[in-house]
Amino acid sequence: MEFSYEVKDSYAEVKADGRLNMVSAPKLREFVTDVIAGGSNRIVVNLENTAFMDSSGLGALIGCLKAARQAGGDLRIAAVQPQVKMVLQLTSMDKVLTAYGSAEEAFSND
């Protein structure tokens with residue numbers, strides 16, 4: 001899995017490309033922690049190119065959400081693919097991690 005990020009006007013967009021599983025989950029946590037340490041506490045994780053997520057990936061997203069909130073910000077997810085959406089719904093985490101259609105929509109009402 002590869003990660004990249006771009007700082008926008010009011011948030012940082014983290015793009016995750018690949019499978020979010022037990023191998024890549026720690027890398028996501030570290031990557032988002034580094035983005036937060038760089039001064040961006042409002043994060044959108046763009047999952048457009050993430051077709052698979054397991055429980056480790058879900059745990060990483062929750063850990064990233066906690067880190068962003070501890071830094072006084074928030075973390076949101078965007079462009080969620082069907083299998084990832086199913087994992088969120090089956091675990092009821094879709095109520096905690098609200099999925100937005102695009103990264104631009106995630107913080108548009110704040």
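Since we're looking at a predicted model, the values are computed, not measured.

Colleague: Requested: an account of the pairing of strand S4 (residues 74–78), with residues and values cited.
Modeller: The element S4 is extensively covered by neighbouring structure, given that five of its five residues are classed as buried. Burial along S4 is two-sided: Asp74, Arg76 and Ala78 and Leu75 and Ile77, pointing in opposite directions, are all buried. In the sheet, strand S3 (residues 42–53) pairs with S4 via five bridges, with the strands oriented parallel. Following the sheet pairing, Arg42 is matched in S4 by Asp74.

Colleague: Residue-level account of the nonpolar core, with values.
Modeller: Soluble, globular proteins show a tendency: their nonpolar side chains are buried together. Of all hydrophobic cores here, the largest spans 28 residues; its most connected members are Leu61, Leu75, Ile77 and Leu88. Secondary-structure elements contributing two or more residues to this core are strand S2 (12–20), helix H1 (25–37), S3, helix H2 (55–70), S4 and helix H3 (82–90). Top contributing element to this core by residue count: H2, with six residues. With residues near it in sequence (within four places) discarded, Leu88 still touches Met53, Leu58, Ile77, Val80, Met93, Asp94 and Leu97. One finds Tyr11, Val44, Ala78 and Phe107 within the second-largest nonpolar core, a separate group that totals six residues.

Colleague: Tell me what's going on with the sheet that holds strand S1 (residues 2–7), and back it up with residues and numbers.
Modeller: The five strands lie next to each other as S1-S2-S3-S4-S5, forming an open sheet whose pairing is mixed. The outermost strands of the open sheet, each flanked by one partner alone, are S1 and strand S5 (99–100). The pairing of S2 with S3 spans seven bridges and is classified as parallel. Bridge pairing links Asp17 to Asn49 in S3. The strands touched by H2 are S2, S3 and S4; relative to S4, the strand with the most contacts, the crossing angle is about 140°. Taken strand by strand, H3 contacts S3 and S4, and its axis lies near 110° from that of S3.

Colleague: An account of the environment of Met53 is needed here, citing residue identities and associated values.
Modeller: Of note, Met53 is situated in strand S3. Sequence-wise, Met53 and Arg19 are 34 residues apart; in three dimensions their C-alpha atoms are separated by 6.1 Å. What Met53 contacts, discounting residues up to four positions off in sequence, is Leu20, Leu58, Leu61, Gln83, Val84, Val87 and Leu88.

Colleague: Tell me about the packing of aromatic side chains, residues and numbers included.
Modeller: The full count for this structure, using the stated rule, is three aromatic pairs. Taken together, a centroid distance of 5.9 Å and an interplanar angle of 75° make the contact between Tyr5 and Phe31 edge-to-face. Placement of the pair is Tyr5 in strand S1 and Phe31 in helix H1, with a sequence separation of 26 residues. When its relative accessible area of 45% is taken as the criterion, Tyr5 is described as partly exposed. One aromatic cluster is present, built from ring pairs that chain together Phe3, Tyr5 and Phe31. Above the plane of the ring of Phe52 lies Arg19, whose end atom (NZ or CZ) is 4.1 Å from the centre.

Definitions and cut-offs
Numbering of residues begins from 1 in every chain and follows the order in which that chain's sequence is written. Reporting of local features is limited, given that this is a predicted model, to residues whose pLDDT is at least 70; pairs of side-chain atoms are given and counted only at 80 or more, and all residues count toward the totals for whole chains, interfaces and linings. Each side-chain value is worked out from all heavy atoms of the structure, with water and hydrogens disregarded. Relative accessible area decides the class of each residue, using a 1.4 Å probe on protein chains only: under 20% of the type maximum gives buried, over 50% gives exposed, and in between gives partly exposed. Secondary structure elements are defined from DSSP: runs of H or I of at least 4 residues count as helices, runs of E of at least 2 residues count as strands, and each element is numbered from the N terminus. Strands pair, by our definition, only if DSSP identifies at least two bridges between them. As used here, the term nonpolar core means buried Ala, Val, Leu, Ile, Met, Phe, Trp, Tyr and Cys residues forming a set that is joined through side-chain atoms within 4.5 Å. Contact criterion: two residues are considered in contact whenever any of their non-hydrogen atoms come within 4.5 Å of each other. Angles run from 0 to 180 degrees between N-to-C directions of axes, and those axes are lines fitted to C-alpha atoms, restricted for helices to the stretch in contact. Within 6.5 Å between ring centres, the rings of Phe, Tyr and Trp (the latter by its six-membered ring) count as paired, and their orientation is classed by plane angle as stacked under 30 degrees, edge-to-face over 60, tilted in between. In our convention, an over-ring charge means Lys NZ or Arg CZ found within 6 Å of a ring centre and within 35 degrees of that ring's normal.

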